[in-house]
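These are the residues of each chain, in order.
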Amino acid sequence: SIGSGKGFHENVVLRKKAIYLKRILASSSTVPEEDENRQLFGLNAFYALPLVIKDNVFAVMTMRDIKPEYRTNPELSPIKDLTKPQRKQIEELLGLVSASLYLTLQDVKLAYKDQKLNKEEKNRKLIESDLQDLETRQKALQKELQEAGNQLIQAEKLSGLGAMVSGIAHDINNPLNFIETAR
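From a predicted model like this one, the values you see are computed outputs, not experimental measurements.

Asker: I keep staring at the overall build of the protein and nothing clicks. Help me out?
Answerer: Scanning the protein from terminus to terminus reveals 3 helices and 3 strands. Reading the protein from its N end, one meets helices and strands in the order α-β-α-β-β-α. Of the contacts formed within the protein by residues at least 6 apart in sequence, a portion of 53% connects residues at least 24 apart. Of the roughly 14,500 Å² that the protein leaves accessible, carbon and sulfur atoms contribute 57%.

Printed below as a string of structure tokens:
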């Protein structure tokens, strides 16, 4: 019996062994999706094989018998007719193929990671370029601010000097005006 509450695939992963069901009864699974698939396609036999590397299941290959009208090649022997030696041959073949498949999957993972790292590196370079542009702009703005501050100080000095000169001229002009008006 298959573990309660678990589907075929989960049991294959947990047991790390193939499951061969020559005849599947209606509602033999406690997983509703499996019962729906069984009813929809008329599944009546099931063969699931774990692909194992270093005592870890990395994939499960399944073969199922379905209604003849759904088969792409009606001449194929049904899974339910597989003999024990045929199943053993299939398991041995998958054992040989699984190492190659595992390595291929690892290559795909590495290629994906490499692609992701390249994208991240490209984004990092763009961000660094933007940051450099911002730093250059900040320095230019600081220089402009410094120049504007210097001009403001210079303008205030000139304004103060102008006020002082105006005051002195006024002080000189007042006594002269007084003398001129007194004559």
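Asker: Sorry if this is basic, but what is going on with a nonpolar patch on the surface here?
Answerer: Nonpolar side chains collect at one region of the surface, where Leu158, Leu161, Met164, Val165, Ile168, Ile172, Leu176, Phe178 and Ile179 lie side by side and expose about 910 Å² of accessible area between them. Examined against the element boundaries, phenylalanine 178 turns out to sit in helix α3 (residues 84-182). By relative accessible area, phenylalanine 178 is classed as exposed at 61%.

Asker: In this structure, what is going on with the pattern of salt bridges? I would like to understand it.
Answerer: Pairs can form between side chains of opposite charge once their charged atoms are near each other. Counted by the stated rule, this structure contains 2 salt bridges. As a salt-bridge pair, glutamate 121 and arginine 124 come within 2.3 Å of each other at their nearest N and O atoms. Remark: arginine 124 and glutamate 121 occur in helix α3; sequence separation between them is 3 residues, near one turn of the helix. Since its relative accessible area comes to 31%, glutamate 121 is described here as partly exposed. Linked by salt bridges that have partners in common, Glu121, Arg124 and Glu128 make up one network.

Asker: Just to check I follow, could you spell out the nonpolar core for this structure?
Answerer: The nonpolar side chains of a soluble globular protein tend to be buried, and buried together. In this structure, Tyr47, Leu49, Leu51, Leu82 and Leu94 together form the largest nonpolar core, which totals 5 residues. No other element matches strand β2 (residues 45-53), which puts 3 residues into this core.

Asker: Hey, could you run me through the confidence of the model for the protein in this one?
Answerer: In regions of low pLDDT, the predicted coordinates are not meant to be interpreted in detail. When pLDDT is averaged along the protein, the result is 78, and 72% of the positions lie at 70 or above. Averaged pLDDT values for the elements of the protein fall to 58 in helix α2 (residues 32-41) and rise to 88 in α3. Segment residues 1-5: pLDDT under 50, and 11 contacts once partners within four positions in sequence are set aside and those in other chains are kept.

Thresholds, definitions, all that
Residues numbered from 1 in each chain as written. Predicted model: local features only at pLDDT ≥ 70, side-chain atom pairs only at ≥ 80, totals over all residues. Heavy atoms only, no water. Helix = DSSP H or I, 4+ residues; strand = E, 2+ residues; numbered from the N terminus. Contact = heavy atoms within 4.5 Å. Areas by Shrake-Rupley, 256 points an atom, 1.4 Å probe, with all protein chains shown as cover. Patch = residues over 30% accessible without salt bridge, like charges linked within 9 Å, V, L, I, M, F, W, Y side chains within 5 Å. Salt bridge = Lys/Arg side-chain N within 4 Å of Asp/Glu carboxyl O. Buried < 20%, exposed > 50% of the residue type's maximum accessible area, 1.4 Å probe, protein only. Core = buried A, V, L, I, M, F, W, Y, C linked by side-chain atoms within 4.5 Å. pLDDT = per-residue confidence, 0-100.

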